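Below are the chains, spelled out letter by letter.
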Amino acid sequence: MMLRLKPHKSLKSIYSLRNLKHPYPCVFLQYLCSFTSQRSILIQEYPVGQRKDKKTYLFSKENGSAWKILNVTDENNFDQQKSYMPKIDTSLQSIIYNYVMTHFLPANYPASVKQGYRQFASLSFCASIAGSASMVLSTQTLLLAVGVVGQGTSASIMAGALNWVLKDGIGQLGGVWFISFMGRSTSQFDVNPKYWRMVAAISLDTATLLELISPLVPANWVLLIASIANVGKNIGFLTASASRAVLHQAVAKTGNLGDVTAKAGAQSMAASLIGTSFGIGISPLLGDIPHFISGFMCLSLIHLICNYLSLKAVPLAHFNNSRLDMVLKNFIQKDGMVMSPVDVANKENFLPLPFNINNSNNHQQWLKLGSTVQMLGGPKVLKEILEKNKLTVCKPYILVQQEEIYHLVFTEGATGLQVVQGLYHAYWLHNQSSFSSNYNEYDLEATPKLSDNLVSKLQEKGWDLSLVAVEPKQAIRLRIVDNFNEKN
């Protein structure tokens, strides 16, 4: 059992117990200060888990006197205390909210989730409905194309069934290969979950379209088209699942990620049931393949738009290149103003376009991360840095300017906070060089005093500096060994 405290100034406020917007019985402690010297306090238990028994306690006291217990009431008799208890809201909206939606929302919603969850969940629900309906249309046409339905002989039915098994097997192998390749190359699903969630949505819609047109291609091409479509579907499903885990973590509060994920599964199943029913209902109205394709185009548009808008509502608190670029530019250009994760989410671009494939590196023309020693200028540059005592075990990075390009290389063990400081150093120098003479510094000495202010403001805004994924796949780091003994 837990107690919630909420102060009020009159006995009248006690009648709003059931009207508070909370999916569970209203649970709180009210301080009631009447116009006389008497004071009353109501304490009501509320369930945190599966417990059903709840009690209500009413206390009263006057100035200088001890507290008195006026009443102890079980939940079953709670509504019979007409002198101070509220009427139960029996409206249709309240019944739906309390007895239906609680099965699809995390426990203690909305207090148990972060900002943006409502828009994310509701729009994802609509996107799933549209996606399920379009898959009903594609499945009907694909069954006709591979020969599972529409043929009279048993041999043709067996051939169609074999084609169906083959295209499923090829599709699953393709999905496994794609995920394995992504896992070896980089942790892009963790860094760019929104980007890859949109890739998944487009992949699913493209595969569905291929299945829709399969009856229109020659018979010897059907298996190839169906297999390619199934590869696309498996890539879409696996990519969506991987990116969705990060998105759920972004909207969940500490300790309830499993609950948020479970309720998202329930929402997805309900949306799939509604979408499948809708697809079955409209398929007889569409009739032929061209009308099926037209109907799919409308459903696909809804699917993509709802997915995009749902992702816009999720604020991600860790930095990738795009988000950090936005925050640093805003901080420098607007005199120390730091954007919050919500502000960045509203402006972030994560559409799967060619220029977005590398995480929207807006600084790539003037800043290179993880450059090799040769790109820095060779061993001669490192010698100069060593002579100036600018490169030691304690330095988290070096920053070198070659003409109009800055090269930023981090040392082994540089933390996320130090990566942010190094990038801020580069951005600050780049901004200053456009107004004054050429800068060529190698460490934090040129960084303005605002560096510490930036870090504190980032933490105040809720940014997670433990995960800063900005270095490209080809980046290198420098390992510095002091007092190195060549014999060892």
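Residues numbered from 1 in each chain as written. Predicted model: local features only at pLDDT ≥ 70, side-chain atom pairs only at ≥ 80, totals over all residues. Heavy atoms only, no water.

A. Looking closely at the packing of helix α5 (residues 193-213) against helix α6 (residues 222-251). Where α5 meets α6, the axes come as close as 7 Å, and the angle between the chain directions of the two elements is 155°. Classified by the angle between their axes, α5 and α6 sit roughly antiparallel to one another. Where α5 crosses over α6, the handedness of that crossing is left-handed. When the residues that make up the contact of α5 with α6 are grouped by side-chain class, the tally is 14 nonpolar, six polar and five charged. (Axes fitted to C-alpha atoms, helices over the stretch in contact; angles between N-to-C directions. Helix = DSSP H or I, 4+ residues; strand = E, 2+ residues; numbered from the N terminus. Parallel < 35°, antiparallel > 145°, perpendicular 65-115°, else oblique. Left-handed = near helix turned anticlockwise from the far one by under 90°. Nonpolar A, V, L, I, M, F, W, Y, C, P; charged D, E, K, R; others polar.)

B. Broad picture of α5. Taking 1.5 Å per residue as the helical rise, α5 with its 21 residues ought to reach 30 Å, and the 31 Å between its terminal C-alpha atoms agrees with that figure. In terms of burial, α5 is largely enclosed, as 16 of its 21 residues are buried. (Expected span 1.5 Å × (residues − 1). Buried < 20%, exposed > 50% of the residue type's maximum accessible area, 1.4 Å probe, protein only.)

C. Just the sheet that holds strand β8 (residues 405-410), in detail. The strand order across the open sheet formed by three strands is β6-β8-β7, and the pairing between neighbours is mixed. Of all the strands in the sheet, the pair left with one neighbour each is β6 (367-369) and β7 (397-402). If you compare each strand with its neighbour and ignore which way they point, the axes differ by 20° on average. When β6 meets β8, the two strands line up parallel, connected through three bridges. Among the inter-strand pairings, Leu 367 is bridged to a residue of β8, identified as Tyr 406. (Pairing = 2+ DSSP bridges.)

D. Broad picture of the packing of helix α7 (residues 257-286) against helix α8 (residues 289-312). Relative orientation of the contacting elements α7 and α8 amounts to 140°, with a least axis distance of 9 Å. With respect to α8, the element α7 is oriented oblique. Both α7 and α8 take part in a crossing whose hand is right-handed. Within the contact between the two elements, α7 uses Phe 278, Ile 282, Ser 283 and Leu 286 and α8 uses His 291, Phe 292 and Leu 299. For the contact of α7 with α8, the class distribution of residues is five nonpolar, two polar and no charged. (Contact = heavy atoms within 4.5 Å.)

E. Examining the nonpolar core more closely. Counting residues in each nonpolar core, the largest one holds 34 residues, and the members touching the most others are Phe 319, Leu 367, Leu 423 and Leu 458. Of all the elements, helix α13 (residues 416-433) adds the most residues to this core, at eight residues. Judged by nonpolar contacts, the second largest core, of 16 residues, contains Phe 120, Val 251, Ala 252 and Val 314. (Core = buried A, V, L, I, M, F, W, Y, C linked by side-chain atoms within 4.5 Å.)

F. The environment of Val 409, seen in detail. Of note, Val 409 is situated in strand β8. Residue Val 409 is classed as buried on the basis of its relative accessible area of 1%. Considered as a pair, Val 409 and Ala 475 are 66 residues apart in the sequence and their alpha carbons are 8.3 Å apart. Here Val 409 is in contact with Gly 370, Ser 371, Leu 376, Pro 396, Tyr 397, Ile 398, Ile 476, Arg 477 and Leu 478, once residues within four sequence places are set aside.

G. Focus on the packing of aromatic side chains. For the structure shown, the criterion picks out nine aromatic pairs. Plain terms: the ring middles of Tyr 195 and Trp 196 are 5.2 Å apart, the flat faces sit at 85° to each other, and that makes the pair edge-to-face. Trp 196 matches Tyr 195 in its accessibility class, with the two residues each being buried. Ring plane angle 90° and centroid distance 6.0 Å describe the contact between Trp 366 and Tyr 406, whose orientation is recorded as edge-to-face. Highlighted residues: Trp 366 in the loop between α10 (341-347) and β6 and Tyr 406 in strand β8, separated in sequence by 40 residues. Note on accessibility: Trp 366 and Tyr 406 belong to one class, buried. Through a chain of ring-to-ring contacts, the aromatic side chains of Phe 189, Tyr 195 and Trp 196 assemble into a single cluster. (Phe/Tyr/Trp six-rings, centres within 6.5 Å; stacked < 30°, edge-to-face > 60°.)

H. Up close: the pattern of salt bridges. Considering all chains together, one arrives at seven salt bridges under this definition. The salt bridge partner of Arg 323 is Glu 348, with a shortest N-O separation of 2.6 Å. Residue Arg 323 is located in helix α9 (residues 321-333), and its partner Glu 348 is located in the loop between α10 and β6; the two are separated by 25 residues in the primary sequence. A relative accessible area of 1% means that Arg 323 is categorised as buried. In this structure Glu 348 comes out as buried when scored by relative accessible area, which is 5%. (Salt bridge = Lys/Arg side-chain N within 4 Å of Asp/Glu carboxyl O.)

I. Summary view of unusual backbone geometry. Within the chain, Asn 108 stands out as a residue other than glycine whose phi angle is a positive 65°. Note on placement: Asn 108 falls in the loop between α1 (92-99) and α2 (117-146).

These figures capture arrangement, not role.
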